[in-house]
Amino acid sequence: MKKVLILGAGTAGTIMANTLSRKAGKDWAITIIDQAEEHYYQPGFLFMPFGVYTEKDVVKPRKKFLPSRAVYRQAKLDRIIPEENKVLLEGGEEEAYDILIIGTGCDIAPDEVEGLTGSDWGTRSHDFYTFEGARRLAAAMKDWQGGRLVINIAEMPIKCPVAPLEFAFLADWHLTQRGLRDKTEIVYVTPLSGAFTKPIASAILSHLLEEKNIKVEQDFAIGSVDNEGHKIVSWDEREIGYDLLVSVPTNMGNPLIDRSGMGDELNFVPTNRDTLQAKAAENIFVLGDATDLPTSKAGSVAHFQAEVLTANILSYMKGEEMEERFDGHANCFIESGYGKGFLLDFNYEQEPVPGHFPFPHVGPFGLLSETRINHLGKLAFKYVYWHMLLKGYPIPFVDHRMSYLGKKVPKASA
Amino acid sequence: MEITGTTVDLNEEGFLTDRSQWNRDVAAELAKEEGIELTDEHWKVLEFIESDYAEKNAVPGMRRMNKVGGIPTKDLYRLFPNGPIKKAARIGGFPKPASCV
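The rules we used
- Residues numbered from 1 in each chain as written.
- Chains lettered and ligands numbered in written order.
- Predicted model: local features only at pLDDT ≥ 70, side-chain atom pairs only at ≥ 80, totals over all residues.
- Helix = DSSP H or I, 4+ residues; strand = E, 2+ residues; numbered from the N terminus.
- Rg over C-alpha atoms; globule rule 2.2 N^0.38 Å.
- Buried ≥ 20, exposed ≤ 12 C-beta atoms within 10 Å, placed from the backbone.
- Contact = placed C-beta atoms within 7 Å.
- Nonpolar A, V, L, I, M, F, W, Y, C, P; charged D, E, K, R; others polar.
- pLDDT = per-residue confidence, 0-100.
- Pairing = 2+ DSSP bridges.
- Axes fitted to C-alpha atoms, helices over the stretch in contact; angles between N-to-C directions.
- Left-handed = near helix turned anticlockwise from the far one by under 90°.

Q: How would you summarise the overall build of chain A if you had to cite specific residues and measurements?
A: When helices and strands are tallied, chain A shows eight helices and 24 strands. On C-alpha atoms alone, chain A measures out to a radius of gyration of 21 Å, which is about the 22 Å that the 2.2 N^0.38 rule sets for 414 residues. Projecting the C-alpha coordinates of chain A onto the three principal axes gives extents of approximately 65 × 55 × 40 Å. For chain A, with 414 residues in total, the buried portion stands at 47%. At a minimum sequence separation of 6, the contacts of chain A that also span at least 24 residues come to 67%.

What follows is the structure, given as structure tokens:
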């Protein structure tokens, strides 16, 4: 019996366990390892500070989503030894593999910014990329009476690069409803030279920030946090005071990757952008937030990659050529407040542009335009996530290859 | 743009469109536009970008400069004030660093 070993039972690992359980030959055993018992619906963290989602919307037991064919081990990972095709667990046990799938994701690393985990951390400054952080931020928002609310991205890349913008839009809406918007200055502080990473979307979103009277401080590379003065300080010595700091700290791959000597400077795994094979070894594959690929770190990406990777791994198991190619496809809803939202659809080559999705002229979703149905799509995604996406079923009408149909691509950017 | 008798093509943001047109004189001229006089310390940074670009086909970010290049952020801001990566990339003749996705 040969073995596929999957590290991480988050979005990426869970999907792979499900698709391979349905499709891999009976001569293959499947084992999946994760250290935590709970599966978090991470896109839901964004909504917790505004009371839209409660804790039970975003947490469920992992086991419920894993197939019976796969062996689930709850254990901490020590390191991968690619030369010996094995993984060491904490406590000295080991798991051998014929094929390894790395889906260990990424996490915030607040210690990377001097002073960020100082006395304000957990009181005046919070994150919303962890369950605990989102919970504390929810309490802080509840107590909020006005002042300066600063949203800061420490450095790129981050998981779900639109989430900090969504936080700003939702805060504007939420505080308006509570009659506190006039007493609140919202400042969006980013290391980028604009609202977003891609030019056309950035221009549209910048305009929206302006409309909502959200101030933008760009090209701000945070150097440290002054906890006494309640200020963030950039390397070029700009200072921004805060009453509440919503921080998106540095994102890094799992420390296991570093211990295995397999990561780049942020512990992301160098990965072949087409086949999703690790550059380190031909029987190791990587997907989801753990890769170093130039596409969004997002659940939709993990889902599209899983389709490609499932096909490629099935070929690999049979000793055949791997023929599927990942094109960098990402599909992201952006909540903009007031029950509306945007939708972005893009890949390695094509930046997000206006249009309709998935059907030309019809939609129903509007690309890069603010509509009610985009917002409903985002809310419906929670259902899709728990019931279809984690099971590894294709999303109707949405292929892992990005479609140009319905996209209004300006000539110069095509 | 004319530099020491040769023509250099720049895009609308002032970045070289063809690195084969780049040489040390071009770098010095571009640096002058940014108000920077190139020293050995600057060259150490530019040379690291060059070798890393050859390997990764991308201008290294701040963290890679620190960790792989061994150049502290503080030094980068001292050498190339206000947006060190962007400035160093421009002077080195590389494309504008692509922001991450």
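Here the narrative resumes.
Q: So what's going on with the interface of chain B and chain A? Which residues, and what values?
A: The partner chain A presents 15 residues to the 13 residues of chain B that form the contact. Those elements that provide at least two residues to the side of chain B that touches chain A are α3 (62–67) and α4 (73–79) of chain B. Sorting elements by how many residues they give to the side of chain B that touches chain A places α3(B) first, with four residues. A class-by-class count of the residues in the side of chain B that touches chain A yields six nonpolar, four polar and three charged.

Q: Tell me about the confidence of the model for chain B, residues and numbers included.
A: Detailed reading of predicted coordinates is not advised where the pLDDT is low. All names here are of chain B. Predicted confidence across chain B gives a mean pLDDT of 90, with 96% of residues reaching 70 or more. Of all helices and strands in chain B, the one with the weakest mean pLDDT is strand β1 (residues 2–3) (74), whereas helix α2 (residues 40–56) scores best (95). Overall fold confidence (pTM) sits at 0.93, and the ipTM for the predicted complex is 0.81.

Q: Which residues make up the pairing of strand β15 (residues 222–226) of chain A, and what are the values?
A: Residue and element names in this part refer to chain A. Here four bridges tie β15 to strand β16 (residues 231–234), and the two strands are oriented antiparallel to one another. Within the sheet, the bridge partner assigned to Asp 226 lies in β16 and is Lys 231. Hairpin connection, β15 to β16: the antiparallel pair is bridged by four residues, and His 230 has positive phi, about 50°.

Q: Quick one: what's the story with the packing of helix α1 (residues 11–23) of chain A against helix α7 (residues 299–317) of chain A, residue by residue and with numbers?
A: Residue and element names in this part refer to chain A. In contact at an axis separation of 9 Å, α1 and α7 are set at 35° when each is read in the N-to-C sense. Where α1 crosses over α7, the handedness of that crossing is right-handed. When α1 is examined against α7, the residues Thr 11, Ala 12, Ile 15, Met 16, Thr 19, Leu 20 and Lys 23 are found in contact with a partner set consisting of Gly 299, Ala 302, His 303, Ala 306, Leu 309, Thr 310, Ile 313 and Leu 314. Its residues placed into classes, the contact of α1 with α7 shows nine nonpolar, five polar and one charged.

Q: So what's going on with the sheet that holds strand β11 (residues 125–126) of chain A? Residues and values would help.
A: What holds strands together in a sheet is hydrogen bonding between their backbones, with the strands either parallel or antiparallel. Strand order in the open sheet formed by five strands is β11-β18-β12-β13-β14 (chain A), and the pairing between neighbours is parallel. The open sheet has two free edges, formed respectively by β11 and β14 (215–217) of chain A, since each of these has just one partner strand.

Q: Hey, could you go over helix α5 (residues 84–91) of chain B for me, with residue numbers and the actual values?
A: All names here are of chain B. Extensive coverage of α5 is indicated by the burial of seven of its eight residues. Residues of α5 that are buried include every one of Pro 84, Ile 85, Lys 87, Ala 88, Ala 89, Arg 90 and Ile 91, and no others. Of the surrounding elements, those touching the buried residues of α5 are α1 (24–33), α2, α3 and α4. Of the residues one or two after α5, Gly 93 is the one with positive phi, at around 85°.

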